[in-house]
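# Per-entry structural report
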Amino acid sequence: MFARFAAQSHCSRGRRVAEKESEFRSVFQRDRDRIIHSSAFRRLKHKTQVFVEYQGDLFRTRLTHSIEVAQVARTISNALGLNYDLAEAVALAHDLGHTPFGHCGEDILNALMEPFGGFDHNAQALKIVTQLEQSYAEFDGLNLTWETLEAICKHNGPLPDNIPYAIAQYNEFYDLEVKTYASAEAQVASLADDIAYNCHDLHDGLRAQLFDDEEIKNLPIIREACLAVDKLYPNLELHRRRHEILRRVFGDLVSDVILTSRTLLEESGVNSAEHVRHYGSPVIAFSEGMQTNLAQIQAFLYSGMYRSPDIMKKREEVKNIVKVLFNAYLSNVDLLPKHWQPSISALTDQTEWARVVSDYIAGMTDRFALQEYQRITS
């Protein structure tokens, strides 16, 4: 039984194309399963977070990250009485729109697409689940519920006036109420994303030797965890010590969201999912102290990892790869696969042409993008 402010499966606004629902799964469980079975979800296996695939196979990928986010989202939602099936579905879908080569790939594709409306990974995720996935007989996309589509668009909060074109176009004929907050479950998925990537980027950075254990001890939340672990397990082997430290940080972040959000939900007086949407501020949040800790971790990762010389060198390499691919496809339709060519050759508008090219590149894995670059430049 979910709390009164949770998204209730039986009260869902439904799907754009009406379907007979399952006897054995709720509508949000069915959304989750369709996301897992989609080709876009499978491709996340070979899309990286920070490191390019050929830099090593032990670093996080978009797929492993999404699974971690889903686990955190389900834990927090269950503790708060929220609909954990919806939170899990949103968490599993939140990275579907990412390009190859992590945020660097998105940055360069957005720059290349600036004359044509730009590129946004949340908007691309919506486009994938409403249009680009083409496996079902009766509709394009996955025909997800209104609540899951809303959450994919708005899990980071209400959208500003400058709405990404893919969301704006879809919203014209299927209103996702982009100016309001999303459900509490969507808000949970957003903070679960913050927890997962901050902790696993610290772990990956240590593994890549971009910084060491002494450097991360400068972060207060890490220092406290180090003291606790060293007191319990003196002289613990390095690998186990790292794991024990970071899992404590992970647990502290999850506990903080649960305890802070319990208070927010009670004090807000929200009594329905609709009330959550129109409350005017988030009902799921970190405490102020934990927000400070997160900001410190993010600043450390920005300078010590995301802008490290090794990563910056790779960034320049992959930016060039995406740029070469984009310009090549834009100038020569024959370089695209046959089943993509009719959709482009029938277009006379340069913007629509560029958006098809963008869709094709955004769907690539790191591995395939590298292969295509070799094919085109050889």
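Computed from a prediction, not measured in an experiment: that's the story for all the values here. Throughout, a residue's number is its position along its own chain's written sequence, starting from 1. For this predicted model, a pLDDT threshold of at least 70 governs which residues receive local features, and a threshold of 80 or more governs which side-chain atom pairs are given and counted, while totals over whole chains, interfaces and linings are taken from all residues. Only hydrogens and water are set aside when side-chain values are computed; all heavy atoms of the structure are taken into account.

## What to know about the overall build of the chain
Of regular secondary structure, the chain possesses 18 helices and zero strands. Its C-alpha atoms give the chain a radius of gyration of 21 Å, within 12% of the compact-globule value 21 Å for 378 residues. When each of the 378 residues of the chain is scored for burial, the buried share is 55%. Residue contacts follow a heavy-atom distance rule, with two residues in contact if any of their heavy atoms lie within 4.5 Å. Of the contacts made within the chain by residues no fewer than 6 positions apart, 71% connect residues no fewer than 24 positions apart. For the chain, the exposed surface amounts to about 17400 Å²; the carbon and sulfur share of it is 50%. Helical segments are the DSSP runs of H or I of at least four residues, strand segments are the runs of E of at least two, and each set is numbered from the N terminus. The globule rule is 2.2 Å times the number of residues to the power 0.38, and the radius of gyration it is compared with is taken over C-alpha atoms. Three exposure classes are used, based on accessible area relative to the maximum for each residue type with a 1.4 Å probe and protein chains only: buried under 20%, partly exposed in between, and exposed over 50%. Residue burial considers only the protein chains on display, and all accessible areas are found by Shrake-Rupley using a 1.4 Å probe.

## Observations concerning the packing of aromatic side chains
Centre distance within 6.5 Å is the pairing criterion for rings of Phe, Tyr and Trp, where only the six-membered ring of Trp is used; planes under 30 degrees apart are then read as stacked, over 60 as edge-to-face, and the remainder as tilted. By the definition in use, this model includes eight aromatic pairs. Summarising the aromatic geometry, the rings of Y170 and F173 are spaced 5.0 Å apart at their centres and angled 65° between planes, so their arrangement reads as edge-to-face. In this pair, Y170 and F173 are both assigned in helix α8 (residues 165-173), three residues apart and thus about one turn of the helix distant. Taking relative accessible area as the criterion, Y170 reaches 8% and is therefore assigned buried. Seen in terms of ring centroids, Y170 and Y174 are 5.8 Å apart; in terms of plane orientation they differ by 75°. Their pairing is edge-to-face. Comparing Y170 with Y174 shows no difference in burial state: the two are buried. These aromatic residues form a ring-pair network of at least three members: Y329, W340, Y360 and F368. The ring of W146 has R13 lying over it, and the distance from NZ or CZ to the ring centre is 3.8 Å. Both a distance and an angle decide whether a charge sits over a ring: NZ of Lys or CZ of Arg must be within 6 Å of the ring centre and within 35 degrees of the ring normal.

## So, the packing of helix α3 (residues 62-80) against helix α9 (residues 184-207)
Two numbers describe how α3 lies on α9: the axes approach to 8 Å, and their chain directions differ by 130°. One finds that α3 runs oblique with respect to α9. Relative to α9, the crossing made by α3 is right-handed. In this structure, α3 uses H65, E68, V69, V72, A73, I76 and S77 to contact α9, whose residues at the interface are V188, A189, A192, D193, I195, A196, Y197 and H200. For the contact of α3 with α9, a count of residues per class yields 10 nonpolar, three polar and two charged. The angle between two axes is taken between their N-to-C directions and runs from 0 to 180 degrees, where each axis is a line fitted to C-alpha atoms and a helix contributes only its stretch in contact. Here roughly perpendicular refers to angles of 65 to 115 degrees, roughly parallel to angles under 35, roughly antiparallel to angles over 145, and oblique to all remaining angles. In this scheme the crossing of two helices becomes right-handed for a clockwise turn of the near helix relative to the far one and left-handed for an anticlockwise turn of less than a right angle. Each residue gets one label: Ala, Val, Leu, Ile, Met, Phe, Trp, Tyr, Cys and Pro are nonpolar, Asp, Glu, Lys and Arg are charged, and the others, such as Gly, are polar.

## Describing helix α4 (residues 84-93)
Burial runs high along α4: nine of the 10 residues are buried. Within the span of α4, buried status applies to D85, L86, A87, E88, A89, V90, A91, L92 and A93. Structurally, α4 contributes buried residues whose contacts are with α1 (27-36), α2 (39-43), α3, α6 (121-132), α7 (146-154) and α9.

## Remarks on empty space enclosed by the protein
Regions of empty space are outlined by a rolling probe, equal in size to a water molecule, passed over the atoms. Only protein atoms enter the 1 Å grid, on which a cavity is a set of points fitting a 1.4 Å probe that cannot get out and a pocket is an open set with protein on both sides within 12 Å along at least 5 of 7 lines, lining residues being those with an atom within 4 Å of a point. Grid points are joined across faces, edges and corners, and a volume is the space filled by probe spheres set on the points. Evaluated as defined, the whole model comprises one cavity of 30 Å³ or more. In this structure, the largest cavity encloses a volume near 70 Å³. Lining the largest cavity are R16, V17, V129, T130, F139, D140, N143, L144, L149, Y170 and Y174. Across the lining of the largest cavity, the residue classes break down as seven nonpolar, two polar and two charged.

## Regarding the layout of surface pockets
Approximately 740 Å³ is the volume found for the largest pocket. Of all the elements in the fold, those that place two or more residues in the lining of the largest pocket are α2, α6 and α17 (350-362). Among the elements that make up the lining of the largest pocket, the one with the highest residue count is α17 (six residues). A per-class count over the lining of the largest pocket returns 10 nonpolar, 10 polar and six charged.

## Re the side chain of T365
Looking at the secondary structure, you find T365 in the loop between α17 and α18 (366-377). Its relative accessible area of 11% is what places T365 among the buried residues. In this structure, T365 is in contact with R43, H46, K47 and P100, ignoring residues within four places of it in sequence.

## With respect to α8
Along α8, the residues classified as buried are Y165, A166, I167, Y170 and N171. Buried positions along α8 lie against α6, α7 and α17.

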